[in-house]
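Breakdown of the fold
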Amino acid sequence: MTLGRQHVLGALIAIALTAAGVWLALHTEWVEVQVPDPLKGPALRDADYRLKQVATRLGAVVTAPDNLEQLPPPGATLVLSSAHWDIFPERVQALRAWVEAGGHLWLPYQGQTDAALAWIPVKWVAIPRAKAKAAAASAASAPDQEDDDEDDGPDAAPPPKPALRPASGAATTPRCASLSESITAQPAFDAHRRFDSCLYARETLRPGVPPQWALHGPQGALVARVPVGRGSVTVASAYMPWGNSQLLRSDNALLATAALRIHAGQQLWFVQDEARMPLLSFLWTRGTPAVLLGALALAFALWRGAVRFGPPAAALPMARRSMAEQIRGTAAFVAHHGSNALHAAQLRALNDTARPRVHGFDGLILGERAQAVAQLTQLDAHALARAMNPALDAAVSRHPGAALALLETARRRLLNAAASSRTAPRTDSR
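Bear in mind that the values here come from a model prediction, so they are computed numbers and not experimental data.

This prediction gives the protein chain a mean pLDDT of 80; 80% of its residues lie at or above 70. Every residue in residues 139-174 scores below 50 in pLDDT, and together they form 53 contacts with partners more than four places removed in sequence or on other chains. A low-confidence stretch, residues 426-430 (pLDDT under 50), is modelled with zero contacts involving residues beyond four sequence positions or located in other chains.

This brings us to the side chain of Asn 252. Position of Asn 252 among the secondary structure elements: in helix α6 (residues 252-260). Note on Asn 252: relative accessible area 5%, which makes it buried. Not counting residues up to four positions away in its chain, the partners in contact with Asn 252 are Asp 196, Ser 197, Pro 241, Trp 242, Gln 246 and Leu 247.

We now examine the environment of Ala 191. By the element assignment, Ala 191 lies in the loop between β5 (179-181) and β6 (194-195). The exposure class of Ala 191 is partly exposed, given its relative accessible area of 47%.

In this section: the nonpolar core. Within the largest apolar cluster, 26 residues are counted, with the highest numbers of intra-cluster contacts made by Trp 106, Val 223, Met 240 and Trp 242. Looking at this core, the elements that each hand over two or more residues are α3 (49-57), β8 (213-217), β9 (220-228), α6 and β11 (267-271). The dominant element in this core, judged by the number of residues it contributes, is α6, at five residues. Every residue in contact with Val 223, bar those within four places of it in the chain, is listed here: Trp 106, Leu 199, Leu 205, Trp 213, Ala 214, Leu 215, Thr 234, Val 235, Ala 236 and Met 240. Listed in part, the 25 residues of the second largest apolar core include Trp 85, Leu 95, Val 99 and Val 226.

Moving on, we get to the pairing of β8. In terms of residue burial, β8 counts as a mostly covered element, since four of its five residues are buried. The sheet contact formed by β5 and β8 spans two bridges and is antiparallel. Within β8, the residue paired with Glu 181 across the bridge is Leu 215. Taken together, the five bridges between β8 and β9 define a ladder with antiparallel strand orientation. Bridge assignment links His 216 to a residue of β9, and that residue is Ala 221.

What counts as what
- Residues numbered from 1 in each chain as written.
- Predicted model: local features only at pLDDT ≥ 70, side-chain atom pairs only at ≥ 80, totals over all residues.
- Heavy atoms only, no water.
- pLDDT = per-residue confidence, 0-100.
- Contact = heavy atoms within 4.5 Å.
- Helix = DSSP H or I, 4+ residues; strand = E, 2+ residues; numbered from the N terminus.
- Buried < 20%, exposed > 50% of the residue type's maximum accessible area, 1.4 Å probe, protein only.
- Core = buried A, V, L, I, M, F, W, Y, C linked by side-chain atoms within 4.5 Å.
- Pairing = 2+ DSSP bridges.

The following block contains the structure:
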């Protein structure tokens, strides 16, 4: 076997590939990285889906209506995150009366104080700028979180500024300042405790009455529950980390349980929007008889105004009236309108018959009309002119019957001449 050029080229390629594989093996490292599963299903559409599941597992009865048209039962907890809940003015007084009767209202932070909630004895106070910068610098110097959070909508807390991860074995600081319950108020559980949870706030709370429960951070009070009548209202000055991708981390679920007072048998309502039934569905559900009557009326109106394929009634067969009917009809017409009206009607009938048979008939004067009709009917043109205008001859005006008879004769001769011209046989001239 002799070694050729092709064998040498193949050996060089094999050596190059082997060297590249060895270099990659010596200069690369395989590291396992945890990648969070993307949200899917109901969790993708509902930012509070996992919170509702946790509350259900703890024994609470969770209800999520589409709007605040109906308030929860007395003693329930209402999580009101809808921005348009006060679309109807009477709801403000109804919500306040429900709280004063023993309800618990939880208001998530929405960036500004609603004027409709001015009856809540809590004020939002802006954090001084120097203190806010110090808190931001502390958050920026903390190590980064293990994995980034997906966007969970308005309930997701803004992440801290990313920082470099310290080297292995170096001392680490907490990723954010912890939150502690106020020692002057009752704890959520058996004893006062601290929560490993991150709240990034630009405002602090200043309750006007001693709070039933409060949560403090480096900036001050961030969550407070104040009494209102026999009920209570819990407010926050920061977005709570209760999103679907944050709830099960650190002490976020424990913090949600404390803030919402979740327990077995609790009625927990979530109102996130002010949705309404579509207009057509609403009209059909609430006014079915009116919709049906309106549809029938519209169908009848369209049927009445539609183009018909034939006359509304069958045409009566044409038949000549008897002489007695003709005499009675003419006498009744003369009695009601006079002889001049009868003469005008007879003259109008002659003109209608002559118009399609005489070119430019409407532009001719009386004498020219009489001459044109006389040529077609073989009648005397002067007598026909006097009959067409009784004012030209006093004798005709005294005896209008003669003029009427002459006009009718001319009309019939015009009709007969037209009929004979249509039925006459054609002769070819060569």
